Amino acid sequence: MQTFIGYERADGSVGTRNVVAIASVMDNSNPVARAVASAVSGTVLLPGLFLRGQLGRDREITLSVMAGLCLNPNVAGVVVIGLEPITTGELVARIKKSGKPVEFVNVQPAGGTINAIAEGTRMAARMVREVSKIRSREYPISKLRIGVECGGSDTTSGLSSNPAVGIVADRIVAAGGQVIISETSEFFGAEQLFAQRAKDAATKKRFLHEVAALEKEIVDQGIDLRGSNPSQDNIRGGLTTIEEKALGAMAKAGKSPLVGVLSYGEQPKAAGLHFMAAPAPAVENLTALAAGGCQMVVFSTGVGNPIGHPVSTIIKVTGNRNTAETFADNIDYEVTGILERNERIEDAGNGLFAYVVSVASGELTSSEVLDVRETIISRFGMSM
Amino acid sequence: MLRAIVLHPNDNVATLIDPGRAAEPVQLTGEGSSKIELRADVPFGHKCAVRPIAKGAEILKYGQVIGRATSDIRPGDHVHVQNVEALRGRGDVEEGR
């Protein structure tokens, strides 16, 4: 049985990294969180946006997705930085339920910025030393939950890198693991083909509803999607329409049946391939997948997209020979043999799978080493 | 010779995997096997028509509809945003609604 080397958590999940998250409850506590994260190595910064004044669905999303990022298996412990105790308490309670170590500091009762930074830094330093005692060991591939995404796509994405990622997705699913494909708008024109793979009528209906509802929102506003998606770099790379992009993007999901449909940032319960309804832009989508508990995201790129995520490890794959050469600093794995040397997609995909397992076991990727990482929680409504 | 991949027997476009110049011959591969001559420069990764496509006709790639021709297209023409429009996410036109 194939295994990877990871870190077990109290809830039974297994991290492929072992970091302490410095999570800011809302935007006004970001400066303190930033100072704490920069003072203590072994931490990752999770800045907050909004929350204060948000209401309804947006408030719930901001809280639940930040909690989801903290609950990601790669996070060993969390120091929460907030302004006041009540809202901070809501986030802390959601993290605590999992049994994960969590501490918090609030800027108002701490007596201002300097005291809050000092308190938070001591907490983070203690916690990093504590979680460094966790010993890694071997776990089955069934403990992996990976996202599949594409960004900076071009026509080589649909011809080479996405199908190679699809082989990886199928192998993870075959081993009993979980795979999440997302980016709702990038199913426009491919949704009927993809829906045929749903395990039952209810799953099919829910998937098609998510795609149709998003398109209706655009159409009702009188917006022409052209000009936004495909993006200008997609068009330069030869992608002409959203339909063409979608048909190529779908290949990332391999050939496994679709077993579930997730809302934005939701964690899957069952094994197998899932669809998550979430915005397509890379940082928003990576954040949604990381909140959904993906330890890693295999990210296919055509013309080149460099971005990673603080919590989830991002693997950049290209099948474009020009990008492999000119964008090499930000590419982790290339499958250019498919178009250049008639390499079989299956062989390229199996090579990529071996690399994914190595990254799961600790090999670092370009966005980790260069710290090219960003996180942002989508906002759908207004603040009051 | 330049190479262009045809992904499905029904497709009316092929994807160039080499940068092409007008008047250069292209060898079709994948689901195609004939040669065509480019009528325009076609960058790496862009598409050329492999058969005539009338204005208003569907553009087929992967055996699926990826858009509609906005002008008559001849074999060897560069097929891209200048002569193809998307049909999805079109709140700007009545039929998108």
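Data block above holds the structure.
Quick summary incoming for the structure in this document.

1. Some details on unusual backbone geometry
A negative phi angle is the norm for most residues apart from glycine, just as the trans form is the norm for most peptide bonds.
Residues and elements named next belong to chain A.
Okay, so step 1: Here the residue pair N229 and P230 is connected by a cis peptide bond, since its omega of 5° sits within 30 degrees of zero.
Okay, so step 2: Along the polypeptide, P230 turns up in the loop between α8 (201-220) and α9 (232-236).
Okay, so step 3: With phi around 75°, L51 is a residue other than glycine that occupies positive phi space.
Okay, so step 4: Mapping L51 onto the fold places it in the loop between β4 (43-46) and α2 (56-71).
Okay, so step 5: The class of L51 is buried, set by 25 C-beta atoms lying within 10 Å.

2. Some details on the packing of α2(A) against helix α11 (residues 282-291) of chain A
Residue and element names in this part refer to chain A.
Okay, so step 1: Where α2 meets α11, the closest approach of the two axes is 7 Å, and the angle between their N-to-C directions is 65°. One finds that α2 runs roughly perpendicular with respect to α11. Taken together, the residues of α11 that come into contact with α2 (itself represented by V65, G68 and L69) are T287, A290 and A291.
Okay, so step 2: Of the residues belonging to the contact of α2 with α11, the class tally is four nonpolar, two polar and no charged.

3. Observations regarding the interface of chain B and chain A
For interface size, the figure often reported is the accessible area lost on association.
Okay, so step 1: At the interface, 26 residues of chain B touch 27 residues of chain A.
Okay, so step 2: Here the side of chain B that touches chain A is composed, by residue class, of 11 nonpolar, nine polar and six charged.

4. Brief notes about the nonpolar core
Residue and element names in this part refer to chain A.
Okay, so step 1: Counting residues in hydrophobic clusters, the biggest one holds 142 residues, and the most contacted among them are A21, V36 and V298.
Okay, so step 2: The residue makeup of this core includes at least three contributed by each of domain 1 (19-131) and domain 2 (141-369).
Okay, so step 3: When neighbours within four sequence positions are excluded, V36 is seen to be in contact with I22, V79, I81, I117, G120, T121 and A124.

5. Points about the pairing of strand β5 (residues 75-82) of chain A
Residues and elements named next belong to chain A.
Okay, so step 1: The element β5 is largely enclosed, with a buried count of eight among its eight residues.
Okay, so step 2: Strand direction decides the pairing type here: β5 and strand β6 (residues 102-106), joined by five bridges, are parallel. Bridged to V78 within β6 is V102.
Okay, so step 3: As for the winding sense of the linkage, the β-α-β connection from β5 through helix α3 (residues 85-96) to β6 is right-handed.

6. Details of the sheet that holds strand β7 (residues 64-69) of chain B
Okay, so step 1: Taken in spatial order, the three strands line up as β6-β7-β9 (chain B) in an open sheet, and their pairing is antiparallel. Every other strand in the sheet has two partners, leaving β6 (58-61) and β9 (84-85) of chain B as the edge strands with one partner each.
Okay, so step 2: Sheet topology note: the β6(B)/β7(B) ladder contains four bridges and is antiparallel. Looking at the pairing, B:E58 lines up with B:R68 of β7(B).
Okay, so step 3: On top of the sheet, helix α10 (residues 242-249) of chain A reaches β6 and β7 of chain B; it is set at about 165° to β7(B), its chief contact.

Cut-offs applied
- Residues numbered from 1 in each chain as written.
- Chains lettered and ligands numbered in written order.
- Predicted model: local features only at pLDDT ≥ 70, side-chain atom pairs only at ≥ 80, totals over all residues.
- Helix = DSSP H or I, 4+ residues; strand = E, 2+ residues; numbered from the N terminus.
- Buried ≥ 20, exposed ≤ 12 C-beta atoms within 10 Å, placed from the backbone.
- Axes fitted to C-alpha atoms, helices over the stretch in contact; angles between N-to-C directions.
- Parallel < 35°, antiparallel > 145°, perpendicular 65-115°, else oblique.
- Contact = placed C-beta atoms within 7 Å.
- Nonpolar A, V, L, I, M, F, W, Y, C, P; charged D, E, K, R; others polar.
- Core = buried A, V, L, I, M, F, W, Y, C linked by C-beta atoms within 7 Å.
- Domains from an automatic or database assignment.
- Pairing = 2+ DSSP bridges.
- Right-handed = clockwise from strand over helix to strand, strands pointing away.

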